[in-house]
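# A closer look at the structure
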Amino acid sequence: MTLVDHIWQRCRLATLSPSRQGLGLIDDGLIAARDGRIVYAGTAADAPSALDAKQRTDCDGRWISPGLIDCHTHLVYGGNRAHEFEERLAGASYEEIARAGGGIVSTVKATRQASTDELVATALPRLDALIAEGVTAIEIKSGYGLELATERRQLQAARRLAGERPISVRTTFLGAHTVPSEMAGNKQGYIDKVCNEMLPPIAAEGLADAVDAFCEGIAFSVEQTAQVFSKAKALGLPLRLHADQLSNLHGAALAARFGALSADHLEYADEDGVAAMARAGTVAVVLPGAFYFIREHQIPPIEAMRRHGVPIALATDSNPGTSPLTSLLLTMNMGATLFRLTVDECIAAVTREAARALGLFEQTGSLDAGKSCDLAIWDIERPAELVYRMGFNPLHARVWRGTSHPASSRT
């Protein structure tokens, strides 16, 4: 007799296992977990005959997918930028607002004034909205401090969120987000400060799981980004990149050259950059919330990504200025309608491929034995409903590390 902690039976599975085709669908499924990890996920008929459990859940034919993963967010910040939304409606562009002292810089001012407790308190409602849709892992960036003390507070707040809610949190240091007002006109001086004064203590304190940068005309050049990446690699930190969002600076190729986990946005990435990402194993994270919110017209090169076999992830890009979005379900619908991703691509993009983008695929992102038992249990008739519906949440229950949390519960 093999005793496990929990068995979910009479369920249909979207395993997302790389050993199966498509979504890895199983009609008569069963999942068994022990010590927070999956022991078995497959057909009930093939389950070990000697399997028994301390607790059993009859899913009554419901669908189970891996827990959803939001792999690109800026969830921790002070204030909001509703006034900039009004300015954009009146015709101002994202670049014009940024150059006039708005955009990221305005959020920096509010974030610098916020304590760690305040940053946690204001982020929790946003996190709760994502958790309520089945999210079990999330990435949270800094980047609204632009000086060590506030960048540190942002990352500390993000770490604290993992103690406040049952969710896995990966933190990313984004000190190279833009130039702070006090160093206006001195991009290189600020990059030197990021590399010499900010990155070493952030790495030494274990506050960041990765390092990101904004490689763009209104932010930092390829050379300046490479300087940050070289320092981060020397400190043993994985890399990610805001790349080719507003123009083609060949950020995709830069991310690939440094072996980055992901290159994100990518609206203006070219074929050579996509091919380089494929060779490097760099995941493309596309962000339809920002595309929609700033009324972009250039669609990421999805067909090129398909041709070259680049994994595609989706994320909310939840942030105060260009994607105030806290719904990964709506993000999937946007990915399908705006970027023409298929249903299978959208679901894989917020599970399996999102895990790859965070360097977590060995731990989560699919229903495979040995992985964390992170599940989303859905009241749906077919997986396409997760992508097709707008403003509708069919989550029945969420399981994180083997422990079930009803959809109505925030904790």
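Residues numbered from 1 in each chain as written. Predicted model: local features only at pLDDT ≥ 70, side-chain atom pairs only at ≥ 80, totals over all residues. Heavy atoms only, no water.

## Side note on the domain arrangement of the chain
You can read the domains of the chain as domain 1 (2-66 + 367-406) and domain 2 (68-358). Inter-centroid distance (C-alpha atoms) of domain 1 to domain 2 is 30 Å. Buried surface at the junction of domain 1 and domain 2, both sides included, amounts to about 1900 Å², of which 65% is carbon and sulfur. Interface area lost by domain 1 to domain 2 is led by Leu 16, Val 387 and Arg 398, which between them contribute 32%. Run the count over domain 1 and domain 2 and you get 0 salt bridges. For the pair domain 1 and domain 2, the interface holds 9 residue pairs in polar contact (both at pLDDT 80 or more). (Domains from an automatic or database assignment. Buried area = accessible area lost by both parts, 1.4 Å probe. Salt bridge = Lys/Arg side-chain N within 4 Å of Asp/Glu carboxyl O. Polar contact = N/O pair within 3.5 Å; in protein donor to acceptor, adjacent residues only side chain to side chain.)

## What to know about the packing of helix H5 (residues 148-164) against helix H6 (residues 187-204)
Working note: a packed helix pair is described by the angle between its axes plus the distance between those axes. Taken N-terminus to C-terminus, the directions of H5 and H6 make an angle of 30°; their axes are 10 Å apart at the nearest point. Judged by the inter-axis angle, H5 sits roughly parallel to H6. Between H5 and H6 lies a crossing of right-handed hand. Between H5 and H6, the residues in contact are Leu 148, Glu 151, Arg 152 and Leu 155 and Glu 197, Met 198, Pro 201 and Ile 202, respectively. (Axes fitted to C-alpha atoms, helices over the stretch in contact; angles between N-to-C directions. Helix = DSSP H or I, 4+ residues; strand = E, 2+ residues; numbered from the N terminus. Parallel < 35°, antiparallel > 145°, perpendicular 65-115°, else oblique. Left-handed = near helix turned anticlockwise from the far one by under 90°. Contact = heavy atoms within 4.5 Å.)

## Comments concerning the UniProt feature "binding site: N-formimidoyl-L-glutamate" (unreviewed entry) in the chain
The positions that UniProt labels "binding site: N-formimidoyl-L-glutamate" (unreviewed entry) are, in the present scheme, Tyr 144, Asn 319 and Gly 321. The largest pairwise C-alpha distance within this set of annotated residues, which runs over 178 residues, is 11.6 Å, so the set is compact in three dimensions. Structurally, Tyr 144 can be placed in the loop between strand S7 (135-141) and H5. Residue Tyr 144 is classed as buried on the basis of its relative accessible area of 2%. Counting through the fold element by element, Asn 319 comes out in the loop between strand S13 (312-314) and helix H12 (328-339). In this structure, Asn 319 is in contact with His 74, Tyr 77, Tyr 144 and Pro 324, ignoring residues within four places of it in sequence. Polar contacts involving the side chain of Asn 319 include one to the main-chain amide nitrogen of Thr 322, which spans 2.7 Å. (UniProt positions renumbered as here; feature names shortened; annotations may be inferred. Buried < 20%, exposed > 50% of the residue type's maximum accessible area, 1.4 Å probe, protein only.)

## Notes on the layout of surface pockets
The volume enclosed by the largest pocket comes to roughly 390 Å³. Lining the largest pocket are 20 residues, with Ala 98, Arg 99, Thr 178, Val 179 and Ile 218 positioned closest to its centre. Elements supplying a minimum of two residues to the lining of the largest pocket: helix H2 (94-99) and helix H3 (104-112). Of the residues forming the lining of the largest pocket, the biggest block, 3 residues, is contributed by H2. Split by residue class, the lining of the largest pocket holds 11 nonpolar, 7 polar and 2 charged. What the second largest pocket holds in volume is close to 230 Å³. (1 Å grid on protein atoms, 1.4 Å probe; cavity = no way out; pocket = protein on both sides within 12 Å on 5 of 7 lines; lining within 4 Å. Points joined across faces, edges and corners; volume = space filled by probe spheres on them. Nonpolar A, V, L, I, M, F, W, Y, C, P; charged D, E, K, R; others polar.)

## Some details on the nonpolar core
Membership of the largest hydrophobic core comes to 97 residues, with the highest contact counts inside it found for Phe 173, Leu 266, Met 305, Met 332 and Trp 378. Built from parts of two domains, this core gets at least three residues from each of domain 1 (2-66 + 367-406) and domain 2 (68-358). In this structure, Ile 26, Ile 64, Leu 375 and Ala 397 belong to the second largest nonpolar core, which totals 16 residues. (Core = buried A, V, L, I, M, F, W, Y, C linked by side-chain atoms within 4.5 Å.)

## Regarding the packing of aromatic side chains
A full pass over the atoms with the stated rule returns 5 aromatic pairs. Considering the side-chain rings of Phe 229 and Phe 258, the 5.5 Å spacing of their centres and the 80° angle between planes classify their relative orientation as edge-to-face. Linking Phe 229 in helix H7 (residues 222-234) with Phe 258 in the loop between helix H8 (251-257) and strand S11 (262-265), this pair joins segments that are 29 residues apart in sequence. Like Phe 258, Phe 229 is buried. Judged by centre distance (5.1 Å) and plane angle (75°), the ring pair of Phe 291 and Phe 339 falls under edge-to-face. Taken together, the residues span a long stretch of sequence, with Phe 291 in helix H10 (residues 288-293) and Phe 339 in helix H12 at a distance of 48 residues. In this structure, Phe 291 and Phe 339 share a single accessibility class: buried. Cation over ring: Arg 356 sits above Phe 361, and NZ or CZ is 4.3 Å from the ring centre. It is Lys 371 that lies over the ring of Phe 361; its NZ or CZ is 3.3 Å from the centre. (Phe/Tyr/Trp six-rings, centres within 6.5 Å; stacked < 30°, edge-to-face > 60°. Lys NZ or Arg CZ within 6 Å of the ring centre and 35° of its normal.)

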